[in-house]
Amino acid sequence: MIERQLKTQNSKLKTLNSELSQLSTLNSFGYTPIVVESRVSLALGGGAAKGLAHVGVLRGLEEDGVEVVAIAGTSMGSIVGALLARGMTAREMEAFFSAVDWSRLAGILVRSPGGSAFSDLLRETIGEASIEELELPFAAVCCDLDDGEEVVLERGDLADAVRASSAIPGILPPLVIDGRTLVDGAMVTPVPVEAAARLADVPVVAVNVLRPPKPGQLGQRMMNRLFEGSAPAQLLERVDTLLKRHRVRLWRRKVDFPSRFEVMMQSFHIMQYNLSKLCASDLLAVEPEVGEIGWFDFHRAREIMAEGYLAYRESVQQGK
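The written sequence of each chain sets the order in which its residues are numbered from 1. Where totals are concerned, whole chains, interfaces and linings use all residues; where local detail is concerned, this predicted model gives features only for residues with pLDDT of at least 70, and gives and counts side-chain atom pairs only at 80 or more. Derived side-chain values reflect all non-hydrogen atoms in the structure, with water molecules and hydrogen atoms excluded from consideration.

### A closer look at the overall build of the chain
Defined as follows: Strands are runs of DSSP state E lasting at least 2 residues, helices are runs of H or I lasting at least 4, and numbering of each runs from the N terminus. For the exposure calls, accessible area comes from a 1.4 Å probe over protein chains only, and a residue counts as buried if that area is under 20% of its type's maximum, exposed if over 50%, partly exposed in between. Each accessible area is a Shrake-Rupley result for a 1.4 Å probe, and residues are judged covered by the shown protein chains and nothing else.
Across its full length, the chain carries 11 helices and eight strands. Across the 320 residues that make up the chain, the buried fraction comes to 52%. Carbon and sulfur atoms provide 52% of the accessible area of the chain, an area that totals close to 16,100 Å².

In structure tokens form, the structure reads like this:
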């Protein structure tokens, strides 16, 4: 039985290697990279697991020698952006996200009422720091659940800002910061272009991972590649320690604090209203082909990051 499975896996790997050789490797696209700008501000959008594509885009920017001078992130984009602002390289992110035991982590997060495990995970990965202490100007975009307004956090505790920006309605409870009840920023600003433009007077590179799949794309092959590099050992050790010691904590909803159902319904209303106001901008837009990736398919991290890299290369080549 085991031998049969190994033969099947080897056959799949041969097929994948053949496809990759036809496409060329991720580092050899057969053309000279076009560096549109030497200094840019990043607008990293939300998308849960799809947002891992941001890492592939970061790798492309690093290879082309493009300096990132500011970062605005929404939801998953705020997580990746915070890691970059803290000094982690794209290769280190690739290795880290590839090494995480996602199935084990998901089990803990699901059993953790009130999002306590997620909050702990953010602090273990991002660390204890204020936004003002970061190496780069940084902004986490959130949505005020009470009035539907965009809230851009540029000061204060970094982990709290990212936690608020990532509070997917119905999945994670809101976070109250400065008296405002905040949820996932994708409700009002799926891709924080304006926030990124305000942080620095340089061109904006916007990464949108919410592009729907192309017709016939569902079920097709996704690029899969083992990235080079190694994850920071200390970071992996901290996450592993968290997985071993975390205990489910009881969480009681505070008086006048919205229930999950209330948060979800109010959030959908806000989303429908704000998405109607979205407009196009003149910038370098990167849209990875991750439409067929599930919102919580974190176990497909390598595929998603590879798609981000490929999308960046294609966007630069086309001069978008």
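### A closer look at the packing of helix H4 (residues 90-99) against helix H11 (residues 301-318)
We count it as follows: Working convention: axes come from line fits to C-alpha atoms, limited for helices to the stretch in contact. Angles between N-to-C directions cover 0 to 180 degrees. Note that the term roughly parallel is reserved for angles under 35 degrees, roughly antiparallel for angles over 145, roughly perpendicular for angles of 65 to 115, and oblique for everything else. Should any heavy atoms of two residues lie within 4.5 Å, those residues are considered in contact. Classification used: nonpolar for Ala, Val, Leu, Ile, Met, Phe, Trp, Tyr, Cys and Pro, charged for Asp, Glu, Lys and Arg, polar for all others including Gly.
The N-to-C vectors of H4 and H11 enclose an angle of 155°; their axes lie 9 Å apart at closest approach. The orientation of H4 relative to H11 falls into the category roughly antiparallel. Seen from H4, the contacting residues are Met93, Glu94, Phe97 and Ser98; seen from H11, they are Ala301, Arg302 and Met305. Considering only residue class, the contact of H4 with H11 consists of four nonpolar, one polar and two charged.

### Overview of the packing of helix H6 (residues 116-126) against helix H7 (residues 158-165)
To describe two helices that pack against each other, one gives the angle between their axes and the distance between the axes. Selection rule: Should the near helix be turned anticlockwise from the far one by less than a right angle, the crossing is termed left-handed; should it be turned clockwise, right-handed.
Here H6 crosses H7 at 130°, and the two axes come no closer than 10 Å. Comparing their axes, H7 and H6 come out oblique. Helix-helix and strand crossings are classified by hand; for H6 and H7 the assignment is right-handed. Side by side, H6 and H7 meet where Phe118, Ser119, Leu122, Arg123 and Ile126 of the first sit next to Leu158, Ala159, Asp160, Val162 and Arg163 of the second. Here the residues of the contact of H6 with H7 are counted per class, giving six nonpolar, one polar and three charged.

### Quick look at the confidence of the model for the chain
Counted only if it meets this: The predictor attaches a confidence to each residue, and that confidence, scored 0 to 100, is pLDDT.
On average, residues of the chain score 77 in pLDDT, and 65% of them are at 70 or above. Confidence drops under a pLDDT of 50 for residues 216-228, and excluding neighbours within four residues, the segment shows 39 contacts in the predicted structure. Under a pLDDT of 50 for its full length, residues 276-280 has, in the predicted model, one contact with residues more than four places off or in other chains.

### Focus: helix H2 (residues 53-63)
Among the 11 residues that make up H2, nine are buried, leaving the element largely enclosed by the rest of the structure. One or two steps after H2, the chain reaches Gly65, where phi turns positive at roughly 70°.

### What to know about helix H3 (residues 76-85)
Within H3, 10 of the 10 residues are buried, which leaves it mostly tucked inside the rest of the structure. Looking one or two places after H3, you find Gly87, whose phi comes out positive at around 105°.

### Observations concerning the nonpolar core
As a rule of thumb, nonpolar side chains are buried together in soluble globular proteins. Defined as follows: For the purposes of this section, nonpolar cores are sets of buried Ala, Val, Leu, Ile, Met, Phe, Trp, Tyr and Cys residues that join through side-chain atoms within 4.5 Å.
Ranked by internal contacts, the top residues of the largest apolar core, which has 62 residues, are Leu42, Ile71, Met93, Phe97 and Phe138. Sort the elements by how many residues they give to this core and H3 lands first, with seven residues. Not counting residues within four places of it along the chain, the set of residues in contact with Ile71 comprises Ser41, Leu42, Leu44, Gly81, Leu84, Ala85, Leu136, Pro137, Phe138, Ala139 and Leu199. If you look at the next biggest cluster of nonpolar residues, it comprises 15 residues, including Val69, Val191, Leu199 and Val202.

### Observations regarding the packing of aromatic side chains
Which entries qualify depends on this criterion: In this scheme Phe, Tyr and Trp rings, the latter by its six-membered ring, pair at centre separations within 6.5 Å, and the angle between planes marks the pair as stacked below 30 degrees, edge-to-face above 60, and tilted otherwise.
Under the counting rule described, the total for this entry stands at three aromatic pairs. Ring plane angle 55° and centroid distance 5.4 Å describe the contact between Phe96 and Phe97, whose orientation is recorded as tilted. Using a relative accessible area of 4% as the deciding quantity, one classes Phe96 as buried. For Phe97, a relative accessible area of 4% gives the class buried. With centroids separated by 6.3 Å and ring planes inclined at 15°, the aromatic side chains of Phe97 and Trp102 adopt a geometry described as stacked.

### What about the side chain of Arg163?
Mapped onto the fold, Arg163 is located in helix H7. Setting aside residues up to four positions removed in sequence, Arg163 forms contacts with Gly114, Gly115, Phe118, Ser119, Leu122, Leu172, Pro173, Pro174 and Leu175.

### So, the environment of Ile108
Tracing the backbone shows Ile108 in helix H5 (residues 102-110). The class of Ile108 is buried, set by a relative accessible area of 12%. For the pair Ile108 and Phe118, spaced 10 residues apart in sequence, the C-alpha to C-alpha distance is 9.0 Å.

### Some words on the pattern of salt bridges
Stated precisely, the cut-off is as follows: For this analysis, a salt bridge means a side-chain nitrogen from Lys or Arg found within 4 Å of a carboxyl oxygen belonging to Asp or Glu.
For the structure on display, the rule yields 15 salt bridges. Linking Glu132 and Arg155 is a salt bridge whose minimum nitrogen-to-oxygen distance equals 3.4 Å. In this pair, Glu132 sits in the loop between H6 and strand E3 (138-144) while Arg155 sits in the loop between strand E4 (150-153) and H7, placing the two residues 23 residues apart along the sequence. Judged by relative accessible area, Arg155 falls into the exposed class, the value being 62%. Between Glu292 and Arg300 there is a salt bridge, and its shortest N-O distance comes to 2.9 Å. Taking the relative accessible area as the measure of exposure, Glu292 reaches 15% and is therefore buried. Relative accessible area serves as the criterion here: at 18%, Arg300 is assigned to the buried category. The structure contains a network of salt bridges with shared partners spanning Arg59, Glu63, Asp64, Glu94 and Arg313.

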